Every structure is written in structure tokens, then in C-alpha cells.
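Here's the letter readout for the chains.
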Amino acid sequence: MLRVGLAIGAIAGAAVGLLLGPEIVRRSRPVAKAALKAALAASHEAQVQGAQIAEMMEDLYAEAKAEVTAEVMAATMAAAKAAQSAHAKAAGNGAAEPAEAVLATAATATARPASRAKAARKRAPTKRSRPVPVSHG
């Protein structure tokens with residue numbers, strides 16, 4: 001019994017499709033076009049949001065890298081000062097000059113990545129375009 005009902009439904013559907021096919025296509029075209037335009041606009045908005053999220057993550061990475069570099073520099077400076085004082089105690093006060101050279105080398109070696117991270121945070125904002133409505137009048 002189910003097969004007979006299915007066959008009758010398929011035949012009726014095919015007949016309606018043949019008779020009203022061109023009319024259905026004409027009436028459904030604006031709806032399909034509007035749905036496609038909405039999907040394109042949503043896709044563009046998703047790309048814009050994705051770019052903004054990626055930019056925020058890059059900024060966060062640059063800030064974290066700058067903080068780590070500053071911490072490493074502080075630790076290097078502390079170690080150099082400790083070495084300077086230990087060296088000064090061992091040889092008298094005349095041995096302070098090599099430790100100052102170590103301090104200067106440590107400061108310049110660790111300051112360079114921080115300046116690059118700072119420059120990365122200060123880049124010019126990117127212009128983003130919005131979708132332009134298209135009318136097919």
C-alpha cells in the first residue's frame with residue numbers, strides 16, 4: 001500500500017513540476033537571488049571579523065613578546081650587576097669596567113626585539129571596505 005501511495009505522489013509531483021515549472025522558476029528567482037546576496041554579505045562580514053581577530057592576536061603576541069624580552073633583559077641586568085659586584089670584591093674596585101661592558105652589551109642585545117614589537121603595535125590601521133549594494137534594475 002505504501003508503494004502505491006509513493007508512486008502516485010511521485011507522478012503527481014512530476015506532473016505539477018512539468019505544468020508549473022516555468023512559473024515556479026520565475027517566482028522563486030528573486031527569493032533565490034536575495035538569499036545568495038545575503039550569503040555573500042555574511043561571507044564578507046565573516047572575513048572582516050576574521051581579519052580583526054587575527055590582528056588582535058598579532059598585537060597580543062607582540063605585547064607578550066615585548067614583556068618577555070623586558071623580563072629577560074631585567075634578569076640579564078641583575079646577573080650582570082651581581083657579576084660586577086662579585087668581580088669588584090675579588091679584584092678590588094678597579095675591575096668595574098668589564099662588568100659595565102657586560103651591562104651595555106646585555107642592554108643592547110635585549111632592547112632590539114622590544115623595539116620591533118613596539119613598531120609592530122604602532123602600524124597604520126588597515127582600511128576595510130564594505131560590500132556595495134548592487135541593483136539590477
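Refer to the preceding data block for the structure.
Residues numbered from 1 in each chain as written. Predicted model: local features only at pLDDT ≥ 70, side-chain atom pairs only at ≥ 80, totals over all residues. Heavy atoms only, no water.

Asks: Just to check I follow, could you spell out the overall build of the protein chain for this structure?
Replies: Across its full length, the protein chain carries two helices and zero strands. Look at the contacts in the protein chain between residues 6 or more apart in sequence, and 79% of them connect residues 24 or more apart. Summed over all atoms, the accessible surface of the protein chain reaches about 10,900 Å², with 67% contributed by carbon and sulfur. (Helix = DSSP H or I, 4+ residues; strand = E, 2+ residues; numbered from the N terminus. Contact = heavy atoms within 4.5 Å. Areas by Shrake-Rupley, 256 points an atom, 1.4 Å probe, with all protein chains shown as cover.)

Asks: Looking at this structure, how should I read a nonpolar patch on the surface?
Replies: A cluster of nonpolar side chains, Val 16, Leu 19, Leu 20 and Ile 24, forms an exposed patch at the surface whose accessible area comes to about 400 Å². Within the secondary structure, Val 16 sits in helix α1 (residues 2-91). (Patch = residues over 30% accessible without salt bridge, like charges linked within 9 Å, V, L, I, M, F, W, Y side chains within 5 Å. Salt bridge = Lys/Arg side-chain N within 4 Å of Asp/Glu carboxyl O.)

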